[in-house]
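The chain contents come next:
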Amino acid sequence: MSGQGRARIERVTTAGTFSLDGGTWEVENNVWIVGDDAEVLVIDPAHDADAVAAAVAGRTVAAVLLTHGHDDHIRHAREFADRAGAPVLLHPADLMLWEAVYPGTAPDAGIADGQAFTVAGAELTALHTPGHSPGSVCFHAPALATVFTGDTLFAGGPGATGRSYSDFPTIIDSIRTRLLTLPPDTTVNTGHGDPTTIGAEAPHLQEWIDRGH
Ligand SMILES: [Fe+2]
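Conventions used here
Going along each chain's sequence as written, the residues are numbered from 1 onward. At least 70 in pLDDT is required for a residue's local features to be given in this predicted model, at least 80 for side-chain atom pairs to be given and counted, and no such filter applies to totals for whole chains, interfaces and linings, which use all residues. Side-chain metrics in this entry use all non-hydrogen atoms of the structure; hydrogen atoms and water are not considered. Under the DSSP-based scheme used, a helix requires at least four consecutive residues in state H or I and a strand at least two consecutive residues in state E, with every element numbered from the N terminus. Remark: exposure states derive from per-residue accessible area (1.4 Å probe, protein chains only) relative to the maximum for the residue type, with buried under 20%, exposed over 50%, and partly exposed in between. Coordinating donors are taken to be N, O and S atoms lying within 2.8 Å of the metal, or within 3.2 Å when the metal is Na, K or Ca; because water is excluded from the atom set, some sites may appear incomplete. Think of it this way: with four donors and all angles in the 85 to 135 degree range, the site is tetrahedral; with four or six donors, opposite ones beyond 155 degrees and the rest between 65 and 115, it is square planar or octahedral; otherwise it is irregular. Multiply 1.5 Å by the residue count of a helix minus one, and that product is the helix's expected span. The arc in question is formed by the directions pointing from the helix axis toward the C-beta atoms. We define a salt bridge as a contact between a side-chain nitrogen of Lys or Arg and a carboxyl oxygen of Asp or Glu at a distance within 4 Å.

Unusually for a residue other than glycine, A145 sits at a positive phi of about 50°. In this fold, A145 is placed in the loop between β9 (137-141) and β10 (146-150). Judged by its relative accessible area of 28%, A145 is partly exposed. A positive phi is found at Y165, a non-glycine position, where the angle reads about 70°. Within the fold, Y165 resides in the loop between β12 (157-158) and α5 (168-179). Of the residues examined, Y165 reaches a relative accessible area of 47% and is grouped as partly exposed.

Given below as structure tokens:
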């Protein structure tokens, strides 16, 4: 099969809402698909299972990886995973967020710090990066010079830490010790908005600490 064995990255943008602490906001999310013509991993299939399924286009979905448990990222993950016949995985420290969306159920498996997922010859390693939520994880793919950061690191700074279960000193510690230590040319594929690089963000750490968000 042409293209098999050479991992590539595809981005799908979907729109919907994010609700927490009694508020609801309109948001656009990035869905990331990593793989080849035969098999893919899907990160955060947000808002629109049809759009994600169309992009996957019949390829085998090895797993659905969730960067964290906020409802904009997970509300359609079970529907998509079931349609794809794939397990959906979430770090256990975000199970209370899963429970809020899917009462009385659980993800198919957890995600542990250091756990590796291989697709099309590329390895994605989970980095536990708490702060935006207790169970936030990033997925680092060294062979693709890419890290998928969910809502932990964006172009311009850390993810939000003003709502329940978030903590600013914790996200700063995660970013400093787990993300800014990656090679500067690493592409940062975010949960919302445009990609950036580790090298573009790293010089701004002290500004973020000083401004407090
Ligand atoms: Fe989030």
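Picking up after the structure, the text goes on.
Let us look at the coordination of the iron ion. Protein ligation of the iron ion involves H68 (NE2), H70 (ND1), H132 (NE2) and D151 (OD), the donor distances falling in the range 2.2 to 2.3 Å. Around the iron ion sit 4 donor atoms, and with donor-metal-donor angles ranging over 85 to 176° the site reads as irregular. Each donor residue of the iron ion belongs to the same chain, with the gaps between them written as H-x1-H-x61-H-x18-D. Take H68 and H70: they sit in the same class, and that class is buried.

Turning our eyes to something else, we now look at α5. Structural remark: α-helix, 3.6 residues per turn; residues separated by three or four positions point the same way. In this model, α5 (12 residues) spans 15 Å end to end at C-alpha, consistent with the 16 Å of a helix rising 1.5 Å per residue. Among the residues of α5, those classed as buried are F168, I171, I172, S174, I175 and L179. All buried residues of α5 project into a common sector of 160° when viewed along the axis, lining one side.

It is worth spelling out the pattern of salt bridges at this point. Using the criterion set out here, one finds 11 salt bridges in the structure. Where D108 meets R78, a salt bridge forms, and the shortest distance between an N and an O atom there is 3.0 Å. Of this pair, D108 sits in the loop between α4 (95-101) and β6 (109-110) while R78 sits in helix α3 (residues 77-84), and the two are 30 residues apart along the sequence. Note on D108: relative accessible area 43%, which makes it partly exposed. A salt bridge links E79 to R83; the shortest N-O distance between them is 3.6 Å. Of this pair, E79 and R83 both sit in helix α3, 4 residues apart, which is roughly one turn of the helix. The class for E79 is partly exposed, based on a relative accessible area of 39%. You can call R83 partly exposed: its relative accessible area is 47%. Residues joined by salt bridges that share partners form a network here, namely R8, E10, D37 and R59.

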